[in-house]
Amino acid sequence: MVIAKAWVLKKHFDGFPKTSDFDLKTIELPNLKDGELLLESVFLSVDPYMRPYSQWQMKEGDIMIGTQVARIVESKNPAFTVGAFVVGNKGWTTHFISDGKDLQHLPSSWPESLPKSLALGTVGMPGLTAYFGLLEVCKMKPGETVLVNAAAGAVGSVVGQLAKIGGCKVVGCAGSDDKVTYLKKLGFDEAFNYKTVKSLDEALRKASPDGYDCFFDNVGGEFASVAINQMKKYGRIAICGAISQYNDSVPQKGPYVQFPMIFKELQMEGFLVSRWNDRRKEGLQALLKWVVEGKVKYHEQVTEGFENMPMAFIGMLKGENLGKAIVKV
Ligand SMILES: NC(=O)C1=CN([C@@H]2O[C@H](COP(=O)(O)OP(=O)(O)OC[C@H]3O[C@@H](n4cnc5c(N)ncnc54)[C@H](OP(=O)(O)O)[C@@H]3O)[C@@H](O)[C@H]2O)C=CC1
Ligand SMILES: CCCCCCC/C=C/C=O
């Protein structure tokens with residue numbers, strides 16, 4: 001018999017999540033039935049969406065939502081071989097049973113030397129978010145200027161690199177000097193620490209005096225309110241995330257977007273990466289190819305130990321991660 005450990009949401013978050021909002025439980029897993037497999041999580045993802053989604057999609061006592069790279073340890077399903085790795089969506093748990101329908105194989109061309117944890121980051125959901133957000137929402141074109149915030153994170157770091165591959169000038173903002181150094185290393189044309197600049201408006205103007213064609217917004221709030229005024233005429237804004245607002249107990253108020261939207265004739269579109277689930281294979285293959293060729297680089301912030309999941313999640317929300325925040329069981 002296998003005993004799984006799982007983190008549950010003990011109490012709905014009120015403001016910034018606290019470690020006391022989580023509880024570590026043990027769960028006895030039953031024996032496998034025909035068609036089922038037993039898996040052990042090897043890497044787990046901590047992502048910003050868990051904060052807002054927990055509010056709408058979870059009740060207290062539920063296992064925290066989330067994805068993992070898992071190894072098959074026992075199989076009564078001929079389509080799945082013991083020892084193979086898959087991406088699961090079973091939440092913060094060390095072990096789980098599946099009938100295989102909700103599992104994604106890693107792309108077959110995955111090189112042995114490449115960390116499998118990338119299937120949760122650059123060659124996974126965050127990478128796909130960057131890929132489809134830039135191509136389909138921003139509709140970036142060579143020669144344009146792209147602005148991205150939370151630029152040293154899982155999505156933002158891929159956005160900047162794909163925009164460079166696409167022939168754009170890229171400006172990135174992040175919350176520490178080390179992150180800014182990293183962005184320069186990745187090939188960003190301009191990068192600055194939004195926490196230490198005297199004026200965000202001036203810093204954005206200095207980085208691109210002619211303004212921005214595309215704005216890939218991961219942050220929302222005050223940052224977006226300032227940046228929208230520096231869009232070029234007919235600019236496109238991809239509303240990917242609003243992490244500066246996820247922990248607000250009281251919703252932030254304007255400024256409002258109508259003036260720049262009208263007089264610069266802007267397009268602003270919110271999106272969820274799941275819109276392109278039918279093109280997942282295309283996106284993953286493109287991302288994997290660029291990673292293997294060294295055209296897209298990655299960094300992972302790996303926290304060791306399943307017991308540290310709440311800490312890793314809270315740390316990511318605070319900005320402690322460079323690249324993708326991952327937990328190694
Ligand atoms: N629409 C979609 O389908 C998807 C949307 N997303 C969204 O994309 C965004 C980035 O996600 P992801 O790349 O996984 O996360 P990151 O790896 O970028 O980690 C989150 C980062 O957000 C930054 N941050 C935290 N609080 C603030 C704040 N108050 N103001 C500005 N920046 C802040 C921190 O970086 P720093 O040090 O720079 O402040 C932190 O490192 C999130 O908003 C997420 O919700 C992600 C996946 C799919
Ligand atoms: C199964 C993973 C769910 C991914 C959800 C992605 C949407 C994210 C939105 C904001 O962060």
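For the protein chain, an unreviewed UniProt entry supplies the name Prostaglandin reductase 1 and the organism Catharus ustulatus. Annotation of the protein chain in UniProt includes, under Subunit (unreviewed entry), the sentence "Monomer or homodimer."

Asks: In this structure, what is going on with the overall build of the protein chain? I would like to understand it.
Replies: The helix and strand tally for the protein chain stands at nine helices and 15 strands. On C-alpha atoms alone, the protein chain measures out to a radius of gyration of 20 Å, which is about the 20 Å that the 2.2 N^0.38 rule sets for 329 residues. Considering the protein chain as a whole, with its 329 residues, one finds that 52% of them fall into the buried category. A sequence separation of at least 24 residues applies to 68% of the contacts in the protein chain between residues at least 6 apart. A total accessible area of about 15,500 Å² is found for the protein chain, and carbon and sulfur atoms account for 53% of it. Between the averaged position of the 39 positive side-chain charges in the protein chain and that of its 36 negative side-chain charges there is a distance of 3 Å.

Asks: Please explain the environment of Glu304 as it appears in this structure.
Replies: Positionally, Glu304 belongs in strand E14 (residues 300-304). For the pair Glu304 and Phe43, spaced 261 residues apart in sequence, the C-alpha to C-alpha distance is 9.5 Å.

Asks: What exactly am I supposed to notice about the site of ligand 1 here?
Replies: Close to ligand 1 lie 27 residues; Val155, Lys179, Tyr194, Tyr246 and Asn321 are nearest. Here an oxygen atom of ligand 1 sits 2.8 Å away from a polar atom, N or O, in the main chain of Asn218. A distance of 2.9 Å separates a nitrogen atom of ligand 1 from a polar atom in the backbone of Cys240. Contact with the protein chains removes 90% of the 910 Å² of surface that ligand 1 exposes when unbound. Sorting the residues of the shell around ligand 1 by element identifies helix H2 (125-138), helix H3 (154-165) and helix H9 (309-318) as the ones contributing at least two each. Grouping the amino acids of the shell around ligand 1 by side-chain chemistry returns 17 nonpolar, nine polar and one charged. Counting residues domain by domain, the shell around ligand 1 receives three or more from each of domain 1 (2-121 + 298-328) and domain 2 (125-274).

Asks: Teacher, can you tell me more about the domain arrangement of the protein chain here?
Replies: Interface extent is often summarised as the accessible area lost during association of the parts. Domain boundaries assigned for the protein chain yield domain 1 (2-121 + 298-328) and domain 2 (125-274). Between the C-alpha centres of domain 1 and domain 2 there is a distance of 29 Å. Listed per partner, the contact involves 22 residues of domain 1 and 14 residues of domain 2. Summing the contributions of domain 1 and of domain 2, the shared interface buries around 1,300 Å²; its carbon and sulfur component is 57%. When the buried area of domain 1 at its contact with domain 2 is split by residue, Arg51, Gly121 and Leu322 rank highest and sum to 27% of it. Taken together, the connections running from domain 1 to domain 2 amount to zero salt bridges. Summed over the shared surface of domain 1 and domain 2, the result is six residue pairs in polar contact (both at pLDDT 80 or more). Among the secondary structure elements, those contributing two or more residues to the side of domain 1 that touches domain 2 are helix H1 (50-57) and H9. Tallying contributions element by element places H1 first for the side of domain 1 that touches domain 2, with three residues. Counted by class, the side of domain 1 that touches domain 2 contains 11 nonpolar, six polar and five charged residues.

Asks: Sorry if this is basic, but what is going on with the pairing of strand E12 (residues 231-239) here?
Replies: A regular strand carries its side chains on alternate faces of the sheet. Across five bridges, strand E11 (residues 212-217) lies against E12 in parallel orientation. Its bridge partner lying in E12, Asp217 is registered against Ile239. The handedness of the E11 to E12 crossover, carried by helix H6 (residues 221-227), is right-handed. The sheet contact formed by E12 and strand E13 (residues 267-270) spans four bridges and is parallel. Within E13, the residue paired with Ile239 across the bridge is Gly270.

Asks: What exactly am I supposed to notice about the side chain of Asn149 here?
Replies: With respect to the helices and strands, the residue Asn149 is situated in the loop between strand E8 (145-148) and H3. Among the polar contacts made by the side chain of Asn149, one reaches the side chain of Asp217 at a distance of 2.9 Å. Here Asn218 takes part through its backbone nitrogen, which lies 2.7 Å from a polar atom of the side chain of Asn149. Non-local contacts of Asn149, meaning those with residues more than four positions away in its chain, are made with Cys173, Phe215, Phe216, Asp217, Asn218, Val219 and Phe223.

Asks: Would you mind showing me how to read the layout of surface pockets here?
Replies: To locate leftover empty space, one rolls a probe as large as a water molecule over the atoms. What the second largest pocket holds in volume is close to 400 Å³. For the second largest pocket, the lining is made up of 22 residues, of which Gly221, Ala224, Ser225, Gln245 and Pro255 are closest to its centre. Put simply, the parts of the chain that give the lining of the second largest pocket at least two residues each are E11, H6 and E12. Among the elements that line the lining of the second largest pocket, the one with the most residues is H6, at four residues. In terms of residue class, the lining of the second largest pocket is built from 11 nonpolar, eight polar and three charged.

What counts and how
Residues numbered from 1 in each chain as written. Chains lettered and ligands numbered in written order. Predicted model: local features only at pLDDT ≥ 70, side-chain atom pairs only at ≥ 80, totals over all residues. Heavy atoms only, no water. UniProt positions renumbered as here; feature names shortened; annotations may be inferred. Helix = DSSP H or I, 4+ residues; strand = E, 2+ residues; numbered from the N terminus. Rg over C-alpha atoms; globule rule 2.2 N^0.38 Å. Buried < 20%, exposed > 50% of the residue type's maximum accessible area, 1.4 Å probe, protein only. Contact = heavy atoms within 4.5 Å. Areas by Shrake-Rupley, 256 points an atom, 1.4 Å probe, with all protein chains shown as cover. Lys, Arg positive; Asp, Glu negative; His and termini not counted. Charge placed at Lys NZ, Arg CZ, Asp CG, Glu CD. Near = heavy atom within 4 Å. Polar contact = N/O pair within 3.5 Å; in protein donor to acceptor, adjacent residues only side chain to side chain. Nonpolar A, V, L, I, M, F, W, Y, C, P; charged D, E, K, R; others polar. Domains from an automatic or database assignment. Buried area = accessible area lost by both parts, 1.4 Å probe. Salt bridge = Lys/Arg side-chain N within 4 Å of Asp/Glu carboxyl O. Pairing = 2+ DSSP bridges. Right-handed = clockwise from strand over helix to strand, strands pointing away. 1 Å grid on protein atoms, 1.4 Å probe; cavity = no way out; pocket = protein on both sides within 12 Å on 5 of 7 lines; lining within 4 Å. Points joined across faces, edges and corners; volume = space filled by probe spheres on them.

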